[in-house]
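Take a look at the letters that make up each chain.
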Amino acid sequence: MLRGKQTWEFENRPTIISTGITGGPFEAKGNLTATFDQLYNDLRLEQNSFEQAHQLLLESACQHALRKSNITKEAVQFLIAGDLINQITPTSFTARTYQIPYIGTFSACATSMESLALAANLINSNNANYVLTGSSSHNAAVEKQFRYPTEYGGQKPPTAQWTVTGAGVGLLANKGDGPKVTSATIGKVVDMGMTDPFNMGEAMAPAAIDTIATHLMDRGIDASYYDCIITGDLAEIGRSIALELAKQKNILLNTDTFLDCGLMLYKKDQQVFAGASGSGCSAVVTYGHLINQLNDKKLNKILVVATGALLSPLTVQQKQSIPCIAHAVSIENGGR
Amino acid sequence: MDNSPSTTKKSYQKIAQQQERKRPILKNCIYAFFFGGLICTIGQGISTFYMYFFDFTEQTVGNPTTATLIFITMLLTGFGVYDHIAQFAGAGTAVPVTGFGNAVISAAIEHRSEGFVQGVGGNMFKLAGSVILFGVFSAFVVALIKTILLEWGVI
């Protein structure tokens, strides 16, 4: 049901009954290794190309989600997912493998929550019983497209971010045990005229705060309603800007409960500059660590605000500013 | 709660600038100086080696020295070491011929998956191509100026 300007509330409580998380070698040295279902030692995942490795990450994440739920892939009505690669081929090729009716999505690094919002909506409206949803990214495949060759010796500034190699997938159902998706806010595209592709956090922070503010107003709640508000990949710089913007908008965000997936995934001694990013970043942390915390009742109400920078290498070279978007999804134990 | 897009672009840029993390320019310069110097010292060592043990003179030793440095760069790039060194060394590894070598070699490795002709061949000079173009063009302009000045008897 539409609530306020741009928020859906899901009264039928779509449930995340299982998840699947995969990651690469750098993630295997990270902070949340215990939350992965499968970690690969080889960045290429023993495939012929990084793009095929990217696809395998998502395929095996889907496999783990299905295995843990005991639902066959034939019972799943839709696969809603996307990634950062041109024409979202890793996701579409995964859909080819699984033969599940497929809706491809793109909101850059906000794809995970765009997909989850759409999946929850389909379940809530009885248009599906089971929906598989998620997002993935692969460091080398994404760097190849957006930046320089993997082995190129370019010096990255401290504002740069590290693209996650990983896939996070959730299986949504109209019944069952697990955390419930209670609402979703679809964000507007916000562009504050930022142009530095090596400082995405700075470009994305206004979109995150815009969506959070709208979400809270649409639902008529305070930020303190949630145990945690978790942004996708603002990283250190974006997060501190977001806190500053929230203060200006009189949104009371607690620094202890305003977290960022990009700052949770890796250890402090791993050189990731400002933090992690990529469409796999929010997916891996949400479907892994955060869903575990909800299942263990350590958290009960969370709002995940995935942020995406909607740029392409072409628009950067043509000196266009970076438009950004943020989609928010609330996940709660037991519902409201 | 104020939900209008009241924060204008200009005031946002101010907020963003306060949180901006600057590149450590002084540290980068010092690292670049020493790493660049180290590479040049190695290059000088190779030159001396060739002149001492082989039939090269100071005029002819440049080419084999460059080739040797590029060969070493190729190994370091291929084994995935060069980009890690470059993150510290910055311009120190980018400016010498090793930086040029790395730009060509890394692109060649990266696009191997698209085949030899369209992949390696088509993308090898993706980064280094403009160095060649503008290098040759500026040499042409300088040569043109010199020729004109010589014709006029200025120099």
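Residues numbered from 1 in each chain as written. Chains lettered and ligands numbered in written order. Predicted model: local features only at pLDDT ≥ 70, side-chain atom pairs only at ≥ 80, totals over all residues.

This part takes up the overall build of chain A. Tallying secondary structure elements over chain A gives nine helices and 15 strands in all. Rg of the C-alpha trace for chain A: 18 Å, near the compact-globule value of 20 Å for 336 residues, within the 12% margin. Taken along its principal axes, the extent of the C-alpha atoms in chain A is 50 × 50 × 35 Å. Within chain A, the proportion of its 336 residues that are buried is 61%. When contacts within chain A are restricted to residue pairs at least 6 apart in sequence, long-range pairs at least 24 apart make up 80% of them. (Helix = DSSP H or I, 4+ residues; strand = E, 2+ residues; numbered from the N terminus. Rg over C-alpha atoms; globule rule 2.2 N^0.38 Å. Buried ≥ 20, exposed ≤ 12 C-beta atoms within 10 Å, placed from the backbone. Contact = placed C-beta atoms within 7 Å.)

This part is about the domain arrangement of chain A. All names here are of chain A. For chain A, the assigned domains read domain 1 (2-173) and domain 2 (180-332). Taken together, the contacts link 59 residues of domain 1 with 58 residues of domain 2. If you list the elements that add at least two residues to the side of domain 1 that touches domain 2, you get β2 (7-9), β3 (15-23), α3 (111-124), β7 (130-137), α4 (139-146), β8 (161-163) and β9 (166-173). Residue composition of the side of domain 1 that touches domain 2, by class: 25 nonpolar, 25 polar and nine charged. (Domains from an automatic or database assignment. Nonpolar A, V, L, I, M, F, W, Y, C, P; charged D, E, K, R; others polar.)

Next up on the list: the interface of chain B and chain A. Residue-level contacts link 30 residues of chain B with 33 residues of chain A. At the level of elements, α1 (9-19), α4 (82-89), α5 (91-94) and α6 (97-110) of chain B are the ones that each hand at least two residues to the side of chain B that touches chain A. Examining the composition of the side of chain B that touches chain A, we find that seven residues originate from one element, α6 of chain B, more than from any other. Tallied by class, residues from the side of chain B that touches chain A come to twelve nonpolar, twelve polar and six charged.

Let's shift gears to the packing of helix α6 (residues 235-248) of chain A against α1 of chain B. Relative orientation of the contacting elements α6 of chain A and α1 of chain B amounts to 130 degrees, with a least axis distance of 9 Å. In terms of orientation, α6 of chain A lies oblique with respect to α1 of chain B. The handedness of the crossing between α6 of chain A and α1 of chain B is right-handed. Packed against α6 of chain A, whose contacting residues are I237, S240, I241, E244 and L245 of chain A, the element α1 of chain B presents I15, A16 and Q19 of chain B at the interface. For the contact of α6 of chain A with α1 of chain B, the residue count by class is five nonpolar, two polar and one charged. (Axes fitted to C-alpha atoms, helices over the stretch in contact; angles between N-to-C directions. Parallel < 35°, antiparallel > 145°, perpendicular 65-115°, else oblique. Left-handed = near helix turned anticlockwise from the far one by under 90°.)

With that settled, consider the nonpolar core. All names here are of chain A. Of all hydrophobic cores here, the largest spans 115 residues; its most connected members are V131, L172, A208, V304, V305 and A309. Among the elements that take part in this core, helix α5 (residues 200-219) stands out by supplying ten residues, more than any other. When residues of this core are sorted by domain, at least three fall in each of domain 1 (2-173) and domain 2 (180-332). With near-sequence residues (within four places) excluded, A309 lies in contact with A108, C109, M200, A203, M204, I322 and C324. (Core = buried A, V, L, I, M, F, W, Y, C linked by C-beta atoms within 7 Å.)

What follows is about unusual backbone geometry. Residues and elements named next belong to chain A. The residue I88 is not glycine, and still its phi comes out positive at about 35 degrees. Residue placement: I88 occurs in the loop between β5 (78-82) and α2 (89-98). I88 gets classed as buried once you count the C-beta atoms within 10 Å, which come to 20. Even without being glycine, N250 reaches a positive phi, approximately 60 degrees. Considering the arrangement of structural elements, one finds N250 in the loop between α6 and β12 (258-260). By the C-beta count within 10 Å, which is 9 here, N250 ends up exposed.

Further remarks concern the domain arrangement of chain B. Domain annotation of chain B identifies domain 1 (24-124) and domain 2 (127-155). Each of domain 1 of chain B and domain 2 of chain B has a C-alpha centre, and the two are 25 Å apart.

Here we take up the pairing of β3 of chain A. Residue and element names in this part refer to chain A. β3 sits mainly inside the fold: nine of its nine residues count as buried. As paired strands, β3 and β9 are joined by eight bridges and run antiparallel to one another. By the bridge assignment, G20 is partnered in β9 with V169. For β3 and strand β4 (residues 38-39), the ladder comprises two bridges, and the chain directions are parallel. The residue of β4 that forms the bridge with G23 is L39. (Pairing = 2+ DSSP bridges.)

Now for the environment of C261 of chain A. Residues and elements named next belong to chain A. Structurally, the position occupied by C261 is in helix α7 (residues 261-264). You can call C261 buried: it has 35 C-beta atoms within 10 Å. Here the alpha-carbon distance between C261 and L45, two residues 216 residues apart in the chain, equals 24 Å. Not counting residues up to four positions away in its chain, the partners in contact with C261 are I230, G232, D233, C281, S282, V285 and T286.

Moving on to the packing of α5 of chain A against α6 of chain A. All names here are of chain A. Following both chains from N to C, one finds α5 and α6 inclined at 40 degrees, their axes separated by 8 Å at the closest point. Considering the angle they form, α5 stands oblique to α6. Classified by chirality, the crossing of α6 by α5 is right-handed. Residue-level contacts link G201, E202, M204, A205, P206, A208 and I209 of α5 to A235, I237, G238, I241, A242, L245 and A246 of α6. By residue class, the composition of the contact of α5 with α6 is eleven nonpolar, two polar and one charged.

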